[in-house]
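Observations on the three-dimensional arrangement
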Amino acid sequence: MVVAEVGSYWRKEARSLARWVNLWWWLDRTLPLWLGFNCAVVVAVLLLRRWFDLGAWFYWGYALGVLLFGVVGYVRSRSRFIGSDKALACLDRARGLQGALYAASRGAVSWPPVAGKGEAVFRVSFNRIHGSLLLSLLFLAVGLFLPIEKYVKRSQLEIVAGPNAWAEMEEWLSVMEASDLVEEESLASFEEQLDSLVDQPREDWFSDGSLEATDFLAEQSKDSTLQFLESLDMAMQSASRLSSAGEGMLSERDMRELSKSIENLDLGTLALREDLMKTLSEMAESGQSSVDPQTLQDMLDRMQEGAQTVRQGMGMPRYEMGPMYSESDTRPEAGNGRDGEGGPTPLTVSEEASPELAGNLEGISNDDRERAILGDTAFTSEVRIEDFEPEARGMQAGDRAHNVGQGGSAVWQTRSRPKEQILLKNYFGNE
Amino acid sequence: MSSASTPTPITEARVQAIQTKLKALTGALNQVLFGQEKTVELVVVALLARGHVLLEGLPGLGKTELVKGLSKAIQLKQNRVQFTPDLLPGDITGNPVLQESPTGERTFVFQKGPLFAELLLADEINRASPKTQSALLEAMQERSVSVFGTSHALPDPFFVFATQNPIELEGTYPLPEAQIDRFLFKLQMERGDRSVIEKIVQHRDLGGEVSVSQVMTREDLLEASSMTREVFLPPEVVSYIARLVEATHAGMSQAASGVRFGCSPRAAISLAASARARALLNGRVYANFEDVQALASAALQHRIVMDYQAKVEGISGESVVKMLLEEISPDGVEVPGSLKSAKL
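Residues numbered from 1 in each chain as written. Chains lettered and ligands numbered in written order. Predicted model: local features only at pLDDT ≥ 70, side-chain atom pairs only at ≥ 80, totals over all residues.

Observations concerning the overall build of chain A
Quick reminder of the rule: Under the scheme used here, helices are H or I runs from DSSP no shorter than 4 residues and strands are E runs no shorter than 2 residues, and both carry numbers assigned from the N terminus. Any residue surrounded by 20 or more other C-beta atoms within 10 Å of its C-beta is treated as buried, while 12 or fewer makes it exposed and the intermediate range makes it partly exposed; C-beta atoms here are placed from the backbone. Two residues qualify as being in contact provided that their C-beta atoms, derived from the backbone, are within 7 Å of each other.
Regarding its fold elements, chain A presents 13 helices and five strands. Of all 431 residues assigned to chain A, the portion counted as buried reaches 22%. The long-range fraction of contacts in chain A, counting pairs at least 24 apart against all pairs at least 6 apart in sequence, stands at 62%.

Considerations on the overall build of chain B
Counting secondary structure elements, chain B contains 13 helices and twelve strands. Counting only contacts in chain B whose residues sit at least 6 apart along the sequence, the fraction spanning at least 24 positions is 77%.

Remarks on the interface of chain B and chain A
Counting from both sides, the interface comprises 25 residues of chain B and, opposite them, 29 residues of chain A. If you list the elements that add at least two residues to the side of chain B that touches chain A, you get helix H11 (289-300) and strand S12 (339-341) of chain B.

A word on unusual backbone geometry
All names here are of chain B. Following Asp-156, the chain continues into Pro-157 via a peptide bond in cis, with omega recorded as 0°. Turning to its location among the elements, Pro-157 is positioned in the loop between strand S7 (150-153) and strand S8 (159-164). Here Gln-75, not a glycine, exhibits a phi torsion of approximately 60°, which is positive. As for its position among the elements, Gln-75 is in the loop between helix H3 (63-74) and strand S2 (78-82). Positive phi values are uncommon outside glycine, yet Glu-124 reaches one of about 50°. Mapped onto the secondary structure, Glu-124 falls in the loop between strand S5 (119-123) and helix H5 (130-142). What makes Glu-124 partly exposed here is the crowd of 18 C-beta atoms within 10 Å.

Comments concerning the sheet that holds S5 of chain B
Residue and element names in this part refer to chain B. For clarity, the cut-off: In this description, strands pair whenever DSSP reports at least two bridges between them. Axis definition: a line fitted to C-alpha atoms, over the contacting stretch in the case of helices. Angles run 0 to 180 degrees between N-to-C directions.
Strands sit in the order S2-S5-S8-S1-S9 across an open sheet of five strands; the sheet is parallel. Whereas interior strands pair on both sides, the edge strands pair on one side only; in this sheet they are S2 and strand S9 (185-188). For this sheet, the mean inter-axis angle between neighbouring strands, taken without regard to orientation, is 20°. As judged from the four bridges shared by strand S1 (residues 53-56) and S9, these two strands associate in the parallel manner. Along S9, the bridge assignment pairs Glu-56 with Gln-188. Against the sheet, helix H2 (residues 37-48) engages S1, S8 and S9, with an angle of about 165° to S9.

A look at the packing of helix H6 (residues 164-179) of chain A against helix H11 (residues 293-313) of chain A
All names here are of chain A. Definition in use: Angles are sorted into four bins: roughly parallel if under 35 degrees, roughly antiparallel if over 145, roughly perpendicular if 65 to 115, and oblique for all others. Rotating anticlockwise by less than a right angle from the far helix to the near helix defines a left-handed crossing, while the corresponding clockwise rotation defines a right-handed one. Throughout, the ten residues Ala, Val, Leu, Ile, Met, Phe, Trp, Tyr, Cys and Pro are labelled nonpolar, Asp, Glu, Lys and Arg are labelled charged, and all others, Gly among them, are labelled polar.
At their nearest, the axes of H6 and H11 sit 8 Å apart, and the two run at 165° to each other. For the element pair H6 / H11, the angle class is roughly antiparallel. In this structure, H6 meets H11 at a crossing whose hand is right-handed. From H6, Glu-171, Trp-172, Val-175, Met-176, Ala-178 and Ser-179 reach across to H11, where they touch Gly-306, Thr-309, Val-310 and Gly-313. Residue composition of the contact of H6 with H11, by class: five nonpolar, four polar and one charged.

A few points about the confidence of the model for chain A
Residue and element names in this part refer to chain A. Let me state the cut-off plainly: In predicted models, pLDDT denotes the confidence assigned by the predictor to each residue on a 0 to 100 scale.
For chain A, per-residue confidence averages 74 on the pLDDT scale, and residues scoring 70 or more make up 70% of the total. Mean pLDDT across the elements of chain A bottoms out in strand S5 (residues 400-401) (46) and peaks in helix H2 (residues 56-77) (90). Segment residues 372-377: pLDDT under 50, and six contacts once partners within four positions in sequence are set aside and those in other chains are kept.

Given below as structure tokens:
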């Protein structure tokens, strides 16, 4: 090998060494940045993949990011880079040439002979570089290949109808209007409240406040209707008795009931039509039928028909209005109500128990579901009310006992029901 | 003096020729001073670099014998001055003496002192007063003596080998730092081991004169010294010397954390000159990192002033230089943590 070739060889070796050292400086400064960048990319990719398919834009963006961090790493490591002169000195030391290389590069001596390839000047410490590299690739693989469920946009359910109670309210309003019994102003307030609910934004229709207001309105309408019908029923019965009485005067009790029913119909949430109210008021003031019978009958028919409309509209049992009572009839409170005559069957118990039915349990059917309790039973007994010992008293307040009985006998005498008293009397004997 | 970056016309053949003589000189000195090869090499380097040497060691280690052997091997005129507290500057430089001529005219004639020698052994220099020390050190730097306004040049070459005893410091005048800086090297004369002592006992008699044959002439020494200045000092080595000297200052390196004052530029010049001399001694026309590393301790240690804390902890200039040689990369190549030197 001629001298020029030897010099070229050593210079080439030096340049190669310089590139090698500079590359590792660049890697040393860049890989931590790349690792941090990949951490951020993983998070971004996992989020993006949920929404989008990663297309070429992502890979171009990633490449741009890597390039950017590569440039930053270059800027950070540039001050550490070595030139071929330093590399030559480094190579000289590594080969043990005692300065011959850098002296030869200055022309002081001839180039030392090339003695084989020689051992590498530097070894790579894999821990640092490969750790960062592997972690970066791992992060990237996680971001790209971790299974991610695609986000599917669920269509928003469109609210097309309000709560059922609104429809029921509207039906109730139409029923009430069809009955021709209630003043329009009374129904207008309900309509106004219902409209205010309907006019809300659709997304608020089923909000807690809206549903609560709807329930309140429905409850109010129901209570008002029941109260109205009760008052109307009372007024109709009073008017019916007046009609039956002909020219006679109503009893004081009927007058009181009529006045009360008129007052309720006037002051209730649902007010009776003004013409009907006027007729009833005239009757109540005069105490006798000051209107001609035909007009009275028309009024009763109209009221009965309207009440029937309301009852049917609200799903109530059919209401039959008839001459239930007359002055000669026993009062329903006396327990002698007639069955099978079409009127409501009062659920009353006679003050005097029927000896014939003593000891029997009877199921009493009552179609008036607004007032009756399902499965309610009545019991008849031969025991009289007078059998109770009113003086017998048990514990009293004031931390004092006043017991006039003897032991447990006082308890069953005062607290037990009649049948229980019989059982206890049989058990303990006649004490 | 040649430029550091420009190769000189010095040929390897000339270097080989002078190296032979220099090797003969070191060989002759090693025959006088057993077990002190390193010191002998450094003394020869100092001669080539035209530097003065401060020898420190206990009595009886061969300091005087070294100087005597050197003067005999090169045939240099040698004087010895035993420094004492009452020694005056004129005692070493010389004094004007009133003389009467045959014509009866009286004039002052300068009577040269022991300083006018090619090789001066200043024994126990720290026992002289600062005034006397100063006179000697001025001569070392200027290579001339001024008496009564007249400058008297010292012979060429002119070398001072000063000794000082590290013990019995009572009543001594330690050399100021500025004056210590004038010495090229400060060498520690170490006690030899048992085999060295056996060799000394076999070859030396008590009070016997050392016989050393001449191996070089004065002209050879001057030529070698001249060639030393032509030895190529590559920029890489210059950079290394500069970085080393810079690193001796506090805050410039970890090793110099206990340093109060670091080395001066004169230290860098001295180290560069001695590196050239060593290269010549080793038959090279260029200096290298190894030359610097071999001479750094001798050239720099006495120029480093430690702070009080470091002195208490026993950290010396020598230990600082050793740490610097490990800390400072000769080629200035820093490698990342991901690379490890395979061979260095």
